[in-house]
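Coordinates in review
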Amino acid sequence: MAAKAGDNPDSLMTLATAFCLRNLRKTMCYQGYRNKLCLRSDIFLPSEICDKLFNTYMELVHTDSNFERQESFFQLFSDPRSTRLTRVQLREDFMRDRDLEAIRKQDLIELHLTYCNGLSARSLKTLTCFRETLVSLCLFGCSHIFYRKGAAPLASTEDSEEDEEEGPASRHALERDFNFQGFNRLRLLKLGGLPEEVDAETLLKPLQALTSLDLSGVQLPRTAFLTQWKDRLASLVLYNVDLSEELVNTVVELGNLRHLDISRESRRASKFKMTRKILTAIVQRLVNLVSLDISGHIMLDNCTVPHLEDVTGSKNEDQVLNAIEAYTEFRPELAHRAINQLFDIARIQHCSQLLRALQLVIAALKCHKYDKSIQVTGSAALFYLTNTEYRSDQSVRLRREVIHVVLNGMEQYQEVTVQRNCCLTLCNFSIPEELEFQYSRVNLLLLKILEPARQDESIQRIAVHLCNALVCQVDNHHKEAVGRMGFVKTMLNLIQKKLQDRMCDQVMEFSWSALWNITDETPDNCQMFLNCRGMSLFLECLEEFPDKQELHRNMLGLLGNVAEVKALRPQLLTPQFITVFSNLLDSKADGIEVSYNACGVLSHIMFDGPEVWSMEEPRRDMVMDKMWDAIQSWDVSSRRNINYRSFEPILRLLPQGISPVSQHWATWALFNLVSVYPSKYCPLLIKEGGITLLEKVLELDSSQEETKDMAR
């Protein structure tokens, strides 16, 4: 059998790393003074394991809401005698100066800091600790690292005692003493987003051996200094750098360049125009060039570049995927546009590189979980990339990755379009089976979406549909857990709102259906339904929407579940409710379903015997006669709109003489189901001991003849 996309299992290293990080106190660490996490004295880890632990920890913090951050995690790597780090990647704001200081004794070869705005000039001092070993350094988007800590100019006096460690870096306190003196091994440097006040030439002058330099978005008033690397530099990125004739003339002197990026974000204003003459000069002078990015420029004179392949663009699927791959980490604005192109390919044409496409979109969504444009386009692309057309090619593991990233989006980004796209994408999965590994989390998120009284109508409809599907065909343990999350109350709140609007739509019907499912053989949830004014809402809906057959079926199905709980039946035994159930016996709504369910409710009530029937009207015998008449009117070969997981509530009504009509209803129900759906229900009847109980019906003198006929 051919392997499905994304079917490769995780390596043992990956599984073991994740397990250790989720169970640090049970594996590598112990609880020290003041709950500080400390490494056990018998632990000695090589760099291969430390790098994996460190970088996986950062990924889990960034992408898994259930993962618990550890304040003292970085301290575990403070002593290179027990833990060796060589390659470290850190991103986003939660990184602090003290975290970098904790690992200052390590001989780092690679250090990638991306958008770490929590770092100040104090971390520049820490950087010098790595100067003798660093080969690759990224400070992309770390806009505060060149400024000293200190109270911001407009801070009030109350704030002045703020812990210096956590205080903001003042934009007025530029660190002027730092440069890269002594970083003799440094070959790859990314300084995208360097503040204007920092002089790039002074900063970079000491670096003699650079082979790759990224100065995206950096102001370059003088450009001649770039020629100091003309014999070595193989890659130069000047994305969103204001081009000039002087800069282009400097660049074409860098004869060893293999990769040149002088692209720009197309919405940025620029006086520079790309002419055929400039392009020809670049291509002819830089003879080693294998990739050139000039996207976003206004092109004049019908500019074309011959003999350059694998450049990104929007011409075909390959180019679009190349663009997403190239731009995701450092250029979300371009990645967003490329993902939009992929969305069109998946929606209108056909995506032929499904695994690569999904992995790239997942990576983009993980990388930019707070970027609205990426979250909107990425979640929309996932919807089309996981639908029926592509489903058979996807492995369980790949689809679980999609679910993880969709739930992250729902959790982090409370925006209507993102929420709608994420909910729609979940509809592409088999529910509840494919979502069971994240069962509690997905239910909590959906209930949170449904919490506001006024909600976007389409999101509400999809979310209620998902809630209903999630509590259908799951075990009672799951239903009880979801009930404790507030599921019953949330559904009843939606019903209340729809009643106020006098609207019976899909949300109303799905909400009652969800309540029917979650109360099935779950007494606690049935109790919650009664406690939250469920019966009042039932009566109001019945009165407001007398002709809504689907609604009546769902409500009566739910009340059948309530009636199966002996301790709750007295709450149904009122003149008002019994009259309503009795009248519904005559209902022809939804075939026999409403009448059948009403009779089921009454059958359980009658089973408690005449002594509990304390009301004068309606009389017990009159209601029983109506039940007999209703059952006689049903076609025993009726196809059913109902699904039984167990016959236990029906079977308990068989071997008894208290209420022959209840026994008759139960026998009719079993006869109908095993006749119409023998392959599904015959095994269930045998498994649950139904044959023995039917034989007892035949033995009882109190059993009616028509009941015995069906039992035979």
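An account of the accompanying structure is given in this report. Note that this is a predicted model, so its numbers are computed, not measured.

What counts and what doesn't
- Residues numbered from 1 in each chain as written.
- Predicted model: local features only at pLDDT ≥ 70, side-chain atom pairs only at ≥ 80, totals over all residues.
- Heavy atoms only, no water.
- Helix = DSSP H or I, 4+ residues; strand = E, 2+ residues; numbered from the N terminus.
- Rg over C-alpha atoms; globule rule 2.2 N^0.38 Å.
- Buried < 20%, exposed > 50% of the residue type's maximum accessible area, 1.4 Å probe, protein only.
- Contact = heavy atoms within 4.5 Å.
- Areas by Shrake-Rupley, 256 points an atom, 1.4 Å probe, with all protein chains shown as cover.
- Lys, Arg positive; Asp, Glu negative; His and termini not counted.
- Charge placed at Lys NZ, Arg CZ, Asp CG, Glu CD.
- Pairing = 2+ DSSP bridges.
- Right-handed = clockwise from strand over helix to strand, strands pointing away.
- Phe/Tyr/Trp six-rings, centres within 6.5 Å; stacked < 30°, edge-to-face > 60°.
- Salt bridge = Lys/Arg side-chain N within 4 Å of Asp/Glu carboxyl O.
- Core = buried A, V, L, I, M, F, W, Y, C linked by side-chain atoms within 4.5 Å.
- Axes fitted to C-alpha atoms, helices over the stretch in contact; angles between N-to-C directions.
- Expected span 1.5 Å × (residues − 1).
- Parallel < 35°, antiparallel > 145°, perpendicular 65-115°, else oblique.
- Nonpolar A, V, L, I, M, F, W, Y, C, P; charged D, E, K, R; others polar.

A few words on the overall build of the protein chain. Scanning the protein chain from terminus to terminus reveals 31 helices and twelve strands. What you see for the protein chain is a C-alpha radius of gyration of 34 Å, clearly larger than the 27 Å of a compact globule of 712 residues, by over 25%. Seen along its three principal axes, the alpha-carbon backbone of the protein chain occupies a region of about 105 × 65 × 55 Å. Counting across all 712 residues of the protein chain, residues that qualify as buried make up 54%. Restricting to contacts in the protein chain with at least 6 residues of sequence separation, those with at least 24 account for 69%. By element, 49% of the accessible surface of the protein chain is carried by carbon and sulfur atoms, the whole surface being about 32900 Å². Across the protein chain, the mean location of the 81 positive side-chain charges is 5 Å away from that of the 95 negative side-chain charges.

Remark: a regular strand shows side chains that alternate across the two faces of the sheet. With five bridges joining them, strand β3 (residues 87–91) and strand β4 (residues 110–114) adopt parallel strand pairing. Directly across from Q89, in β4, lies its bridge partner H112. Regarding the hand of the β-α-β motif, the stretch spanning β3, helix α4 (residues 97–102) and β4 is right-handed.

Okay, the packing of aromatic side chains next. Considering all chains together, one arrives at 25 aromatic pairs under this definition. Look at F343 and Y384: their rings are 5.3 Å apart centre to centre, the planes differ by 70°, and that puts the pair in the edge-to-face class. Of this pair, F343 sits in helix α10 (residues 332–348) while Y384 sits in helix α12 (residues 372–385); the two residues are 41 residues apart in sequence, bridging distant segments of the chain. Overall, the relative accessible area of 22% leaves Y384 in the partly exposed class. Considering the side-chain rings of W512 and F529, the 6.1 Å spacing of their centres and the 70° angle between planes classify their relative orientation as edge-to-face. In this pair, W512 is assigned in helix α20 (residues 506–518) and F529 in helix α21 (residues 523–531), connecting sequence segments 17 residues apart.

A word on the pattern of salt bridges. This structure, assessed with the given rule, holds 34 salt bridges. For R337, the salt bridge goes to E265, with nearest N and O atoms at 3.0 Å. On the criterion of sequence distance, the pair formed by R337 in helix α10 and E265 in the loop between β11 (259–261) and α8 (276–285) is long-range, its members being 72 residues apart. Using a relative accessible area of 31% as the deciding quantity, one classes R337 as partly exposed. A single salt-bridge network, built from bridges that share partners, covers D199, E201, K205 and R222.

A general feature of soluble globular proteins is that nonpolar side chains tend to end up buried together. W512, F538 and F581 are the most contacted members of the largest nonpolar core, which has 146 residues in total. If we skip the residues at most four places from it in the chain, W512 touches I495, F529, G534, L537, F538, C541, L551, N554, M555 and L558. Grouped together as the second largest cluster of nonpolar side chains are 88 residues, L45, F178, L194 and L207 included.

What follows covers the sheet that holds β3. With parallel pairing, eight strands are arranged side by side in an open sheet as β3-β4-β5-β8-β9-β10-β11-β12. Only two strands of the sheet have a single neighbouring strand rather than two, namely β3 and β12 (291–293). Strand after strand, the sheet turns through a mean of 5° between neighbouring axes, direction not considered. Taken together, the three bridges between strand β10 (residues 235–237) and β11 define a ladder with parallel strand orientation. For S235, the partnering residue across the bridge sits in β11 and is H259.

On to helix α15 (residues 416–426), then. Taken residue by residue, α15 has V418, Q419, N421, C422, C423, T425 and L426 as its buried positions. In this fold, the buried residues of α15 make contact with α12, α14 (396–412), α16 (439–449) and α17 (457–470).

Here the focus is helix α19 (residues 487–500). With 14 residues, α19 ought to run about 20 Å at 1.5 Å a step, and its terminal C-alpha atoms sit 20 Å apart, in line with that. Most of α19 is tucked away: ten of the 14 residues are buried. Every buried residue of α19 is listed here: F487, V488, T490, M491, L492, L494, I495, K497, K498 and L499. Residues of α19 that are buried make contact with α16, α17, α18 (476–484), α20, α21 and α22 (534–544). Looking one or two residues past α19, R502 carries a phi angle of roughly 55°, positive in sign.

Helix-helix packing is described using two parameters, namely the angle between the two axes and the distance between the axes. Close contact between helix α28 (residues 660–676) and helix α29 (residues 678–687) brings their axes to 6 Å; oriented N to C, the two are set at 130°. Classified by the interaxial angle, the pair formed by α28 and α29 is oblique. Contacts between α28 and α29 involve L670, L673, V674, S675 and V676 from the former and P678, Y681, C682 and L685 from the latter. Taken together, the residues of the contact of α28 with α29 sort by class into eight nonpolar, one polar and no charged.

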